[in-house]
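Geometric and topological summary
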Amino acid sequence: MHFTINGAQCDADIDVRTSLLDLLREHLGLTGSKKGCDHGQCGACTILVNGRRINACLTLAVMHQDDEIVTIEGLGAIGDLHPMQAAFVRHDGYQCGYCTPGQICSAVGMLDEVARGWPSHASADLARPIFNDDEISERMSGNLCRCSAYPNIVDAIREAHAASIESEQAA
Ligand code: FES
Ligand code: FES
């Protein structure tokens, strides 16, 4: 199998039953993506595949031949954080941190969905969804936080969204 993971080419010889999450964690040592439930219920394993957020525990690695995969390790680095990572730090959007990689990957994918104009269950106008805290809560509802850091997570995402709009307008 061949993948692009965090910008690097990667070949792996794996059992066809291997989940994408186990490929990352157990075979490649990318342990930033967390295994919370292994059943698609907590969002701790959220990563980006071809720019879309998915639960890595719910998909088999063999389904991702030649896909572009980005995990929390590929979003930013110490000293060069992704704007979403920096916003989580600024707003203290975590306590134990176990859910945080999934929260951040999910938030990055979610803002891309917003930029594309995709509505959510909370959107009053499906043609023109308005981005607000209700939208953030609904769109991030697949990512659970046992420490209940939700208010600060919402603050961080709101700020990252505002910053991305500002930089788009400045460009
Ligand atoms: S570990 Fe994948 S959703 Fe919980
Ligand atoms: S920060 Fe502990 S589970 Fe979210």
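The shown structure was predicted, so the numbers you read here are calculated from the model rather than taken from an experiment. (Residues numbered from 1 in each chain as written. Chains lettered and ligands numbered in written order. Predicted model: local features only at pLDDT ≥ 70, side-chain atom pairs only at ≥ 80, totals over all residues.)

Here we look at the overall build of the protein chain
Looking only at helices and strands, one finds six helices and five strands in the protein chain. Relative to its length of 171 residues, the protein chain is compact, with a C-alpha radius of gyration of 16 Å against a globular reference of 16 Å. Summarising its shape, the C-alpha atoms of the protein chain cover approximately 45 × 35 × 35 Å along the three principal directions. Looking at the protein chain as a whole, 37% of its 171 residues are labelled buried. For the protein chain, contacts bridging at least 24 residues in sequence account for 60% of all contacts bridging at least 6. (Helix = DSSP H or I, 4+ residues; strand = E, 2+ residues; numbered from the N terminus. Rg over C-alpha atoms; globule rule 2.2 N^0.38 Å. Buried ≥ 20, exposed ≤ 12 C-beta atoms within 10 Å, placed from the backbone. Contact = placed C-beta atoms within 7 Å.)

Observations concerning the packing of helix α4 (residues 100–115) against helix α6 (residues 150–170)
In a packed pair of helices, the relevant descriptors are the angle between the two axes and the axis-to-axis distance. At a closest axis distance of 11 Å, the pairing of α4 and α6 adopts a crossing angle of 40°. The pairing of α4 with α6 is recorded here as oblique in orientation. Considering the relative orientation of α4 and α6, their crossing is right-handed. In this structure, α4 contributes Q103, A107 and L111 to the contact, and α6 contributes I153, I157, A160, H161 and S164. Partitioning the contact of α4 with α6 into residue classes produces five nonpolar, three polar and no charged. (Axes fitted to C-alpha atoms, helices over the stretch in contact; angles between N-to-C directions. Parallel < 35°, antiparallel > 145°, perpendicular 65-115°, else oblique. Left-handed = near helix turned anticlockwise from the far one by under 90°. Nonpolar A, V, L, I, M, F, W, Y, C, P; charged D, E, K, R; others polar.)

A closer look at the sheet that holds strand β5 (residues 68–70)
Spatially, β2-β1-β5-β3-β4 is the arrangement adopted by the five strands of the open sheet, whose pairing is mixed. Two strands bound the open sheet, and with one partner strand each, they are β2 (8–11) and β4 (52–55). The average undirected angle you get between the axes of adjacent strands in this sheet is 35°. The pairing of strand β3 (residues 46–49) with β5 spans two bridges and is antiparallel. Its bridge partner lying in β5, V49 is registered against I69. α4 contacts β3 and β4 of the sheet and is inclined by roughly 40° relative to β3. (Pairing = 2+ DSSP bridges.)

Considering the domain arrangement of the protein chain
One can read the domain layout of the protein chain as domain 1 (2–75) and domain 2 (83–170). Put simply, the middle of domain 1 and the middle of domain 2, counted by C-alpha atoms, are 21 Å apart. Across the contact, 15 residues belong to domain 1 and 15 residues belong to domain 2. Looking at the side of domain 1 that touches domain 2, the elements that each hand over two or more residues are β3, β4 and α2 (72–75). Top element by residues in the side of domain 1 that touches domain 2 is β3. It accounts for three residues. Here the residues of the side of domain 1 that touches domain 2 are counted per class, giving seven nonpolar, five polar and three charged. (Domains from an automatic or database assignment.)

Observations concerning the nonpolar core
Counting 39 residues, the largest nonpolar core has I47, A56, I104, A107 and V108 as its most contacted members. Of all the elements in the fold, those that place two or more residues in this core are β1 (2–5), α1 (20–27), β3, β5, α2, α3 (83–91), α4 and α6. Considering every element that reaches this core, the biggest residue donor is α4, with six residues. With residues near it in sequence (within four places) discarded, A56 still touches S19, L20, L21, L24, S33, C45 and I47. (Core = buried A, V, L, I, M, F, W, Y, C linked by C-beta atoms within 7 Å.)

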